[in-house]
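# Summary of structural features
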Amino acid sequence: MLTNKTVILGITGSIAAYKAAELASKLTQAGAKVEVVMTGSATEFITPLTLRGVTGRPVVADMFEPTLEWSIEHVALAEAADVVVIAPATANIIAKMAAGLADDMVSLTVLATKAPVIVAPAMNVNMFENPVTQENLARLKARGFIIVDPEYGRLASGAKGKGRLAELDKIMAAIEGALGGSADLAGKRLVVTAGGTRERIDPVRYIGNPSSGKMGYALAEAARDRGAKVTLITASSLPQPEGITVVPVETAAQMKQAVDRAVAKADALLMAAAVADYKPRTVSRSKIKKARPGLTLKLVRTPDILGEVKGKFLRVGFAAESDNIIANAKKKLVKKNLDLIVANDITDKKSGFGVDTNKVTLIGKQGKDESLPLMSKREVADKILDRVVGLLK
Ligand code: CTP
């Protein structure tokens with residue numbers, strides 16, 4: 001999503017300025033053209049040379065007297081931007097942006113751009129909580145600026161409070177969200193499941209599977225970026241994504257309960273989770289000792305969540321198969337009354353569990369099967385959502 005996008009990164013004079021170098025690096029690695037603009041005080045915290053080294057592009061900083069030529073070029077840059085990110089943003093720059101001032105290169109860029117502006121504040125807790133800062137932030141929000149709230153934690157002063165720059169992943173998610181653009185799922189409610197469920201055997205053992213949850217998370221994030229309201233019911237321990245309602249579960253029964261509740265208002269259910277089909281008939285309260293030479297576990301079936309779920313919404317299933325992939329997937333499509341099934345070959349190392357790529361075939365009730373080449377799970381997610389958008393029409 002970031003490939004060839006022009007991202008203007010405005011850095012202001014906060015102790016967190018050093019984190020901007022890592023943000024610039026992440027953005028550059030994701031394929032963005034990162035144009036760094038710094039205020040004079042930001043250059044006291046981190047040198048333009050560092051940023052230049054990370055992005056491989058010239059850095060505009062106030063230490064160069066902004067000549068007319070610079071300003072004109074700079075306005076052109078502001079016009080070319082796909083998104084402007086101010087991270088870290090001090091109380092001072094927030095006040096300037098709220099008032100429409102343009103007396104430094106960062107505020108000038110913000111005033112001159114029509115691109116979405118993301119603001120990630122970082123400052124002392126009292127400055128952040130000061131009503132004037134809060135009023136300024138509210139004014140920016142009302143004008144459509146996207147604020148990535150600071151986090152609670154230890155601040156440079158040694159005190160604890162809200163004011164630490166948000167985690168870079170959150171800022172990245174906001175940038176991707178702002179670039180999502182197409183918003184073809186705006187107003188739609190999607191329920192996505194992810195991860196592998198676990199069924200306890202005793203206090204230290206469980207039946208599980210190697211599903212990482214990456215496909216489900218990619219779907220949830222892609223849907224969010226396309227404007228959907230997403231509930232992610234997850235048995236995975238991946239970090240919680242921004243802007244998504246996350247319901248953590250462990251067992252198939254818990255997942256079923258969460259799905260049944262969430263689909264009541266949903267437009268679509270996407271079951272990417274790998275649900276354990278069996279669980280021990282009884283869960284041992286105490287740790288099973290290995291005194292016996294062998295151990296037989298009596299297993300009983302767990303509910304088929306997708307097969308049993310009731311209601312009127314679009315149903316997308318996944319079929320992770322090792323043999324007769326397409327034929328088996330088609331059987332599941334019919335048996336579970338699905339609108340779409342995503343079949344993949346789990347014996348292929350690049351599309352099995354845990355990896356970042358997937359190679360799938362999309363099979364609908366009608367029409368031709370769509371065999372996709374190997375691509376990232378995020379790209380697969382967008383292909384699936386393209387079909388979902390079509391089916392929801
Ligand atoms: N699924 C489910 N509940 C289960 C098992 C699977 O909701 N107890 C969902 C999965 O999330 C997936 C689809 O059903 O979207 C197909 O899952 P899969 O494990 O491939 O199929 P099963 O129904 O378990 O059939 P089998 O084990 O015979 O392959």
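Residues numbered from 1 in each chain as written. Predicted model: local features only at pLDDT ≥ 70, side-chain atom pairs only at ≥ 80, totals over all residues. Heavy atoms only, no water.

## Remarks on the overall build of the chain
Stated formally: The secondary structure listing takes helices from DSSP runs of H or I that are at least 4 residues long and strands from runs of E that are at least 2 residues long, numbered from the N terminus. Working definition: with a 1.4 Å probe on protein chains only, accessible area under 20% of the residue-type maximum means buried, over 50% means exposed, and in between means partly exposed. Contacts: residue pairs with any heavy atoms within 4.5 Å of one another. Exposure was quantified through the Shrake-Rupley algorithm and a 1.4 Å probe, taking into account, for residues, occlusion by the shown protein chains and nothing else.
Counting secondary structure elements, the chain contains 14 helices and 22 strands. Oriented by its inertia axes, the alpha-carbon framework of the chain measures out at about 75 × 55 × 35 Å. Each of the 393 residues in the chain was classed as buried or not, and the buried ones make up 47%. Restricting the contact set of the chain to residue pairs at least 6 apart, pairs at least 24 apart contribute 65%. When the accessible area of the chain is evaluated, it comes to approximately 19,600 Å², of which 51% is carbon and sulfur surface.

## Re the environment of Ala156
Mapped onto the elements of the fold, Ala156 is located in the loop between strand S7 (151-154) and strand S8 (160-164). Taking the C-alpha atoms as reference points, Ala156 and Ala173, 17 residues apart in sequence, are found 25 Å from one another.

## Here we look at the pattern of salt bridges
Rules: For this analysis, a salt bridge means a side-chain nitrogen from Lys or Arg found within 4 Å of a carboxyl oxygen belonging to Asp or Glu.
Here the structure, examined in full by the defined rule, presents 19 salt bridges. Close ionic contact of Arg226 with Asp386 constitutes a salt bridge, the shortest N to O distance being 2.7 Å. With Arg226 in the loop between helix H10 (214-225) and strand S12 (229-234) and Asp386 in helix H14 (residues 377-392), the pair connects residues that are 160 residues apart, well separated along the chain. Exposure remark for Arg226: the relative accessible area of 8% places this residue in the buried category. Its salt-bridge partner being Glu370, residue Arg387 comes within 2.6 Å of it at the nearest N-O pair. Of this pair, Arg387 sits in helix H14 while Glu370 is found in strand S21 (residues 370-371), placing the two residues 17 residues apart along the sequence.

## Details of the domain arrangement of the chain
The condition that has to hold: Segmentation of the chain into domains, including their bounds, is taken from an automatic or database domain assignment. Accessible-area loss on putting two parts together, using a 1.4 Å probe and summing over both, is the definition of buried area adopted here. Pairing of N or O atoms within 3.5 Å defines a polar contact, subject to two protein rules: one partner must be a possible hydrogen donor and the other a possible acceptor, and residues neighboring in sequence count only if both atoms are side-chain atoms. Each residue is assigned to one class: nonpolar for Ala, Val, Leu, Ile, Met, Phe, Trp, Tyr, Cys and Pro, charged for Asp, Glu, Lys and Arg, and polar for all the others, Gly among them.
For the chain, the assigned domains are domain 1 (6-178) and domain 2 (185-392). Taking the mean C-alpha position of each, domain 1 and domain 2 sit 38 Å from one another. Listed as interface residues are four residues of domain 1 and, on the opposing side, four residues of domain 2. Between domain 1 and domain 2, roughly 340 Å² of surface is buried when both sides are summed, and carbon and sulfur atoms account for 51% of that area. In this assembly, domain 1 and domain 2 are joined by zero salt bridges. Taken together, the connections running from domain 1 to domain 2 amount to zero residue pairs in polar contact (both at pLDDT 80 or more). For the side of domain 1 that touches domain 2, the class distribution of residues is one nonpolar, one polar and two charged.

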